[in-house]
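# Observations on the model geometry
Each chain, letter by letter, is given below.
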Amino acid sequence: QTGLAFFVLSVLTALSLSLDNYLVGKAAGMDAVTPYALQYKIAGMISTVTLMLSTPMWTANGEALSRGDYDWVKKATRKVVWISLLFSASASVGCLLFAKPVLDILSGGAVAVSYGTLLGMCLMQVLLSFTSPFFMVLNGAKIIRFQVVMYLVFAAVSLPLKSFFAEMLGPAAIAWTGAVFYLFFITVPTFLRARKVFL
């Protein structure tokens, strides 16, 4: 049952976070997909690094929780959260500063930076980086159904609204809508539920 729950969670995570290019193409045409995808590729490296930092905590948290060492889990999670936040915030600033030269190299100068879009993407990366260590607490405690429900709600609400706002405001709305709804439907509930594990 736990394995099946993780599989469902993986599918929901992929669907809710990986359909932006499709939505951009649907709302603004295929010509808009490449600029959006390239900017996301640059910004997406931020959460890739922070996920590498937090993933080892999954096993460590599981072992500590099985021993009843909740204080260790709390302190270790706090450290990883601060490291992830500092890195993601600093990397986001760097991303905004150096996106233009990087895009010039990747596209040969054919793709311009949309700072409104990129800022929304960077906000999403900071949220992903902040939330990831708390996911490792829930995973270590085998609290999976809660995450499945969160991502079901997030996908059901955010995907239609991403499409709706993109039609009205353009591709930048997809990045911002995703970040805002991730904050309210994933980050906040995950943080609050993880805190209950510590108590």
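Scope of this entry: the structure provided in the associated data block. In this convention, every chain numbers its residues from 1, walking through the sequence in written order. Restriction of local features to residues with pLDDT of at least 70 applies here, the model being predicted, together with a cutoff of 80 or more for giving and counting side-chain atom pairs; totals for whole chains, interfaces and linings are based on all residues. As a rule here, side-chain values come from all non-hydrogen atoms in the structure, and water together with hydrogens is ignored.

## Quick word on unusual backbone geometry
- In this model, Lys142 sits at a positive phi of 60 degrees, which is unusual for a non-glycine residue.
- Helix numbers and strand numbers start at the N terminus; a helix is a DSSP run of H or I with at least 4 residues, a strand a run of E with at least 2. Inspection of the secondary structure assignment puts Lys142 in the loop between helix H6 (115–140) and helix H7 (145–169).

## Examining the pattern of salt bridges
- Just to be clear on terms, a salt bridge is a Lys or Arg side-chain nitrogen sitting within 4 Å of an Asp or Glu carboxyl oxygen. Scanning the model with the defined rule gives 4 salt bridges in all.
- For Asp20, the salt bridge identified is with Lys162, shortest N-O distance 2.8 Å. Here Asp20 is found in helix H2 (residues 20–28), whereas its partner Lys162 is found in helix H7, with 142 residues between them in sequence.
- The salt bridge involving Asp69 is made with Arg67; its shortest N-O contact spans 3.9 Å.

## Considering the nonpolar core
- The biggest cluster of nonpolar side chains holds 22 residues, and the ones touching the most others in it are Leu17, Phe135, Tyr151, Phe154, Tyr182 and Ile186.
- When residues of this core are traced back to their parent elements, those giving at least two are helix H1 (2–17), helix H5 (70–107), H6, H7 and helix H8 (172–198). Grouping buried Ala, Val, Leu, Ile, Met, Phe, Trp, Tyr and Cys residues that are joined through side-chain atoms within 4.5 Å yields what is termed a nonpolar core. Partly exposed describes any residue whose relative accessible area lies between the buried limit of under 20% and the exposed limit of over 50%, with all areas from a 1.4 Å probe on protein chains only and scaled to the type maximum.

## Side note on H2
- All of the buried residues along H2 are Asp20, Leu23, Val24 and Gly25.
- Should any heavy atoms of two residues lie within 4.5 Å, those residues are considered in contact. Of the surrounding elements, those touching the buried residues of H2 are helix H3 (33–54), H7 and H8.
- One or two steps after H2, the chain reaches Gly29, where phi turns positive at roughly 95 degrees.

## Examining the environment of Met124
- In this fold, Met124 is placed in helix H6.
- Residues Met124 and Ile186, spaced 62 residues apart in sequence, show a C-alpha to C-alpha distance of 11 Å.
- Once you skip the residues sitting within four places of it in the chain, Met124 turns out to touch Leu17, Gly178, Ala179 and Tyr182.

## Here we look at the packing of H3 against H6
- With their axes 9 Å apart at the nearest point, H3 and H6 run at an angle of 20 degrees to one another. As far as their axial angle goes, H6 and H3 are roughly parallel. The chirality of how H3 crosses H6 is right-handed. On H6, the residues that touch Tyr36, Gln39, Tyr40, Ala43, Gly44, Ile46, Ser47, Thr50, Leu51 and Ser54 of H3 are Thr117, Leu118, Met121, Gln125, Leu128, Ser129, Ser132, Pro133 and Met136.
- All amino acids are sorted into three groups, where Ala, Val, Leu, Ile, Met, Phe, Trp, Tyr, Cys and Pro are nonpolar, Asp, Glu, Lys and Arg are charged, and the leftover types, Gly among them, are polar. Across the contact of H3 with H6, the residue classes break down as 10 nonpolar, 9 polar and no charged. In this description, a line fitted to the C-alpha atoms serves as the axis of each element, helices being fitted only across the stretch in contact, and the angle between N-to-C directions of two axes falls anywhere from 0 to 180 degrees. Oblique is the label for every angle not falling under 35 degrees (roughly parallel), over 145 degrees (roughly antiparallel), or within 65 to 115 degrees (roughly perpendicular). Handedness of a crossing follows from how the near helix is turned relative to the far one, being left-handed for an anticlockwise turn of less than a right angle and right-handed for a clockwise one.

## Looking at the packing of H2 against H3
- Across the interface, H2 lies against H3 with an axial gap of 9 Å and an inter-helix angle of 155 degrees. Classified by the angle their axes make, H2 and H3 are roughly antiparallel. Crossing of H2 over H3 shows right-handed handedness. Of the residues in H3, those in contact with Asp20, Asn21, Val24 and Gly25 of H2 are Val33, Tyr36 and Ala37.
- Among the residues forming the contact of H2 with H3, the class breakdown is 4 nonpolar, 2 polar and 1 charged.

These figures come from the coordinates and say nothing about function on their own.
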